[in-house]
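# Descriptive analysis of the structure
Each chain, letter by letter, is given below.
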Amino acid sequence: MELNRLIDHTLLSPTATSKEIKALCEVALMHNFKAVCVPESFVANAHSILKSSAVEVCTVVGFPLGYSSTEAKRYQAQLAIDQGATEIDMVINQGWMQEASYSKIMDEIALVKETVGSNCLKVILETANLSEDQIRKAAQCVLSGGADFVKTSTGFAARGASIKDIEILHQEIGGKLGIKASGGIKTHEQALAMIKAGATRLGTSNGPALLAP
């Protein structure tokens with residue numbers, strides 16, 4: 001297993017600077033991580049540094065709360081792709097999830113995927129705000145909507161990914177969609193535990209620390 005190729009090295013702090021984004025990208029190049037995940041306003045910066053490498057540029061849409069309109073999410077995704085992003089992490093509409101408006105959720109995912117096209121679409125569920133049954137239902141919505149990954153967390157909720165979250169997602173859509181664990185993953189041991197539970201991608205601001213025991 002090439003652990004480095006499962007890591008999205010991430011900087012989504014509201015105070016992130018271009019200098020910090022450049023440093024993030026340089027670390028990602030050094031370790032040949034799968035991707036960097038950066039705010040949309042820094043996608044062009046990251047692309048200019050990484051364009052000749054195997055490191056993908058990922059950004060977030062409807063982040064971190066998820067209640068942007070579908071039209072806004074589509075527009076944001078298109079802008080990001082036009083600037084060089086190849087992966088989009090979109091926050092699910094959490095209010096729709098709470099009221100069980102599953103058809104709205106599936107339709108929104110399908111429309112954003114239409115915009116994203118062959119690029120990778122990950123849908124952030126924010127598992128901290130969901131019951132186990134809701135996690136299962138949300139995962140099925142992501143599958144039905146045609147996205148490529150489910151992702152646990154924004155990193156801005158009460159907690160990040162748990163082993164239980166990943167086990168539930170693996171039971172529900174393992175082998176059908178990618179599973180990205182994110183939020184609070186800071187050590188090599190945590191990374192291995194998430195992968196054992198079923199994660200196929202890890203979002204972390206601590207990329208290098210995940211590589212070494």
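Below or above, wherever it landed, is the structure these notes cover. Everything quoted here is computed from the prediction, not taken from an experiment.

Further remarks concern the environment of Met1. For Met1, the position within the fold is in the segment before strand E1 (7–10). The class of Met1 is exposed, set by a relative accessible area of 69%. Along the chain, Met1 and Gly145 lie 144 residues apart, while their C-alpha atoms are 30 Å from each other. With residues near it in sequence (within four places) discarded, Met1 still touches Leu6, Leu192 and Ile195.

For the bond running from Phe63 to Pro64, omega is 0°, close enough to zero to count as cis. By the element assignment, Pro64 lies in the loop between strand E3 (56–61) and helix H3 (70–82). In the Ramachandran plot, Asn32 falls in the positive-phi region, its phi being about 55° despite a non-glycine side chain. Among the structural elements, Asn32 can be located in the loop between helix H1 (18–31) and strand E2 (35–38). Within the chain, Ala100 stands out as a residue other than glycine whose phi angle is a positive 60°. Inspection of the secondary structure assignment puts Ala100 in the loop between helix H4 (94–98) and helix H5 (102–116). For Ala100, a relative accessible area of 40% gives the class partly exposed.

Turning to helix H8 (residues 188–197), a few remarks are in order. Turning to H8, its buried residues number three or more, namely His188, Ala191, Met194, Ile195 and Ala197. One or two residues past the end of H8 sits Gly198, with phi positive at roughly 135°.

With that out of the way, let us pick up the nonpolar core. In this structure, Val36, Ile88, Leu121, Val123, Leu125, Val150 and Leu202 are the most contacted members of the largest nonpolar core, which totals 59 residues. Ignoring any residue separated from it by four or fewer positions in sequence, one finds Val36 in contact with His9, Leu24, Cys25, Ala28, Ala46, Leu50, Val55, Glu56, Val57 and Cys58. Judged by nonpolar contacts, the second largest core, of 5 residues, contains Leu12, Cys37, Cys58 and Val60.

Throughout the structure, instances matching the rule amount to 1 aromatic pair. Aromatic side chains Phe63 and Phe156 sit 5.3 Å apart centroid to centroid with 90° between the ring planes, which places their arrangement in the edge-to-face category. Placement of Phe63 in the loop between E3 and H3 and of Phe156 in the loop between strand E6 (149–151) and helix H7 (163–173) is noted, with a sequence separation of 93 residues between them.

We now examine the pairing of E3. Burial analysis of E3 places 5 of its 6 residues in the buried class, the great majority of the element. Examined bridge by bridge, E2 and E3 share 4 bridges and lie parallel to one another. From the neighbouring strand, Ala35 faces E3, where its bridge partner is Glu56. Examined bridge by bridge, E3 and strand E4 (residues 87–91) share 4 bridges and lie parallel to one another. Each bridged residue has a counterpart across the sheet, and for Cys58 the counterpart in E4 is Glu87. Handedness of the crossover is the feature at issue here: the chain leaves E3, passes through H3, returns alongside E4, and the resulting connection is right-handed.

Turning our attention to the side chain of Gln134. Looking at where Gln134 falls in the secondary structure, it is placed in helix H6 (residues 132–145). In this structure the side chain of Gln134 is engaged in a polar contact, spanning 3.3 Å, whose partner is the side chain of Gln98. If we ignore the near neighbours within four places in the chain, the residues touching Gln134 are Met97, Gln98 and Asn129.

Let's shift gears to the environment of Ala191. Within the secondary structure, Ala191 is located in helix H8. Distance in space between the C-alpha atoms of Ala191 and Ser68 is 31 Å, their sequence separation being 123 residues. Not counting chain neighbours up to four residues away, the residues in contact with Ala191 comprise Ile185, Leu202 and Leu210.

Under the defined criterion, the tally for this structure stands at 15 salt bridges. Salt-bridge contacts for Glu108 lead to Lys73; the nearest nitrogen and oxygen are separated by 2.8 Å. A residue pair is termed long-range when its members are at least 10 positions apart, and Glu108 in helix H5 and Lys73 in helix H3 qualify at 35 residues. Its relative accessible area of 2% is what places Glu108 among the buried residues. Exposure remark for Lys73: the relative accessible area of 0% places this residue in the buried category. For Lys113, the salt bridge is made with Asp148, and the minimal N-O distance between the two is 2.8 Å. Of the two residues, Lys113 sits in helix H5 while Asp148 sits in the loop between H6 and E6, which places them 35 residues apart along the sequence. For Lys113, a relative accessible area of 15% gives the class buried. When its relative accessible area of 29% is taken as the criterion, Asp148 is described as partly exposed. Within the structure, one salt-bridge network assembled from shared partners comprises Asp8, Glu87, Asp89, Lys122, Lys151, Lys180 and Arg201.

So, how was this worked out
- Along each chain, the written sequence defines residue order, and numbers are assigned to residues from 1.
- Local features are withheld for residues below a pLDDT of 70 in this predicted model, meaning they are given only at 70 or higher, and side-chain atom pairs are given and counted only at 80 or more; totals for whole chains, interfaces and linings count all residues.
- Excluding hydrogens and water, the side-chain values take into account all heavy atoms of the structure.
- Strands here mean DSSP runs of E at least two residues long; helices mean DSSP runs of H or I at least four residues long; both are numbered from the N terminus.
- Partly exposed residues are those whose accessible area sits between 20% and 50% of the maximum for their type, while under 20% is buried and over 50% is exposed, using a 1.4 Å probe and protein chains only.
- In what follows, a contact means two residues having at least one pair of non-hydrogen atoms within 4.5 Å.
- Think of a nonpolar core as a cluster: buried Ala, Val, Leu, Ile, Met, Phe, Trp, Tyr and Cys residues, connected wherever their side-chain atoms sit within 4.5 Å.
- Working definition: a ring pair exists when centres of Phe, Tyr or Trp rings (six-membered ring for Trp) sit within 6.5 Å. Plane angles under 30 degrees give stacked, over 60 give edge-to-face, the rest tilted.
- At least two bridges found by DSSP between two strands are what make those strands a pair.
- Look down the strands so they point away from you; if going from the first strand over the helix to the second traces a clockwise path, that crossover is right-handed.
- Any N or O atom pair separated by 3.5 Å or less is treated as a polar contact, with the protein-specific requirement of one donor-capable and one acceptor-capable atom, and with residues adjacent in sequence counted only for side-chain atom pairs.
- Salt bridge, as used here: a side-chain nitrogen of Lys or Arg that lies within 4 Å of a carboxyl oxygen of Asp or Glu.

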